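What follows is each chain in one-letter form.
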Amino acid sequence: MKISYHGHSIIKIITNGKTILFDPFITGNELTDLKVEDEQPDVIILTHGHNDHVGDTEAIANKSGSLVIAPNELAVYLGWQGLNTHGMNIGGAYQFDFGQVKYTKAFHSSAITTEDQQIIYMGMPAGVLLTAEGKTIYHAGDTGLFSDMKLIGERHSIDIAFLPIGDNFTMGPEDAAVAAKYIGAKMVVPVHYDTFPPIRQNPQTFIDLLEEGIDGKIMKPGDYLEC
């Protein structure tokens, strides 16, 4: 399994012969190393409906025929746009040919904001547990700290967790460090920071706050791990 980070909350996972792209916010993301025209994922997984997470899903999926997995209301909406979607909801798991996807709680909001100043509700925001090749990867999505993260950690042996640290819209470094303790992942990686002025952060602050025994890793856009 190859796991790479591409700025903001974009994660790419190559496993079981499939390429999976999480929250492909590329256009307008000055931190990403990706180009929309180059991406041909088999699967796109979305955590919630905000524009900086749905991003270029429609353009990429139309070009590549990607399966889009998303919280149900968002999946229905994207289905209406002609995409091939699979809707899910919090607490639900489904076994795909590349691995199992399970949606978890996230405390945030979820809506698409249109150019004509409409806000379209997109259901509950979520985190995602992807289990494949005997490994479990947790993408927390956009969220604040919540105590049920302990339950997520108790119920699942998580190898790598991607946690937002930007503050303002999500957890900041201090709360994210507590989340890392609750989750008990073997490795934690900070995401969702520096993209916009309100979420400027030094990721090393998060790493320094981690309790002894928790392995934290700062990934730059284009960095990858193999596990």
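Note that residues are indexed from 1 along each chain, following the sequence as it is written. Reporting in this predicted model follows two pLDDT cut-offs: at least 70 for local features of residues, and 80 or more for side-chain atom pairs to be given and counted; totals over whole chains, interfaces and linings ignore these cut-offs and use all residues. Working from all heavy atoms in the structure, the side-chain values ignore hydrogens and water.

### Describing the environment of Q117
Inference 1: Only DSSP runs of H or I covering at least 4 residues are called helices, and only runs of E covering at least 2 are called strands; the numbering of each starts at the N terminus. With respect to the helices and strands, Q117 occurs in the loop between β9 (111-113) and β10 (119-121).
Inference 2: Q117 sits 16 residues away from E133 along the chain, and the two C-alpha atoms are 43 Å apart.

### Things to note about the packing of aromatic side chains
Inference 1: Between 30 and 60 degrees the pair is tilted, below 30 it is stacked and above 60 it is edge-to-face, where a pair is any two Phe, Tyr or Trp rings, Trp via its six-membered ring, whose centres lie within 6.5 Å. Scanning the model with the defined rule gives 4 aromatic pairs in all.
Inference 2: Centre to centre, the rings of F96 and F98 are 5.3 Å apart; their planes meet at 10°, and the pair counts as stacked.
Inference 3: Judged by relative accessible area, F96 falls into the buried class, the value being 9%.
Inference 4: Aromatic pair F107 and F146: ring centres 5.3 Å apart, planes at 55°, arrangement tilted. Placement of the pair is F107 in the loop between β8 (100-105) and β9 and F146 in the loop between β12 (135-139) and α4 (149-155), with a sequence separation of 39 residues.
Inference 5: Three or more aromatic residues joined by ring pairs form one cluster here, namely Y94, F96 and F98.
Inference 6: Distance and angle both matter: a charge sits over a ring if NZ of Lys or CZ of Arg is within 6 Å of the ring centre and within 35 degrees of the ring normal. Taking NZ or CZ as reference, K2 lies 4.3 Å from the ring centre of Y224, over its face. Accessible area is worked out with a 1.4 Å probe on protein chains only. A residue is then buried under 20% of its type maximum, exposed over 50%, and partly exposed in between.

Honestly, it's all geometry; don't read function into it.
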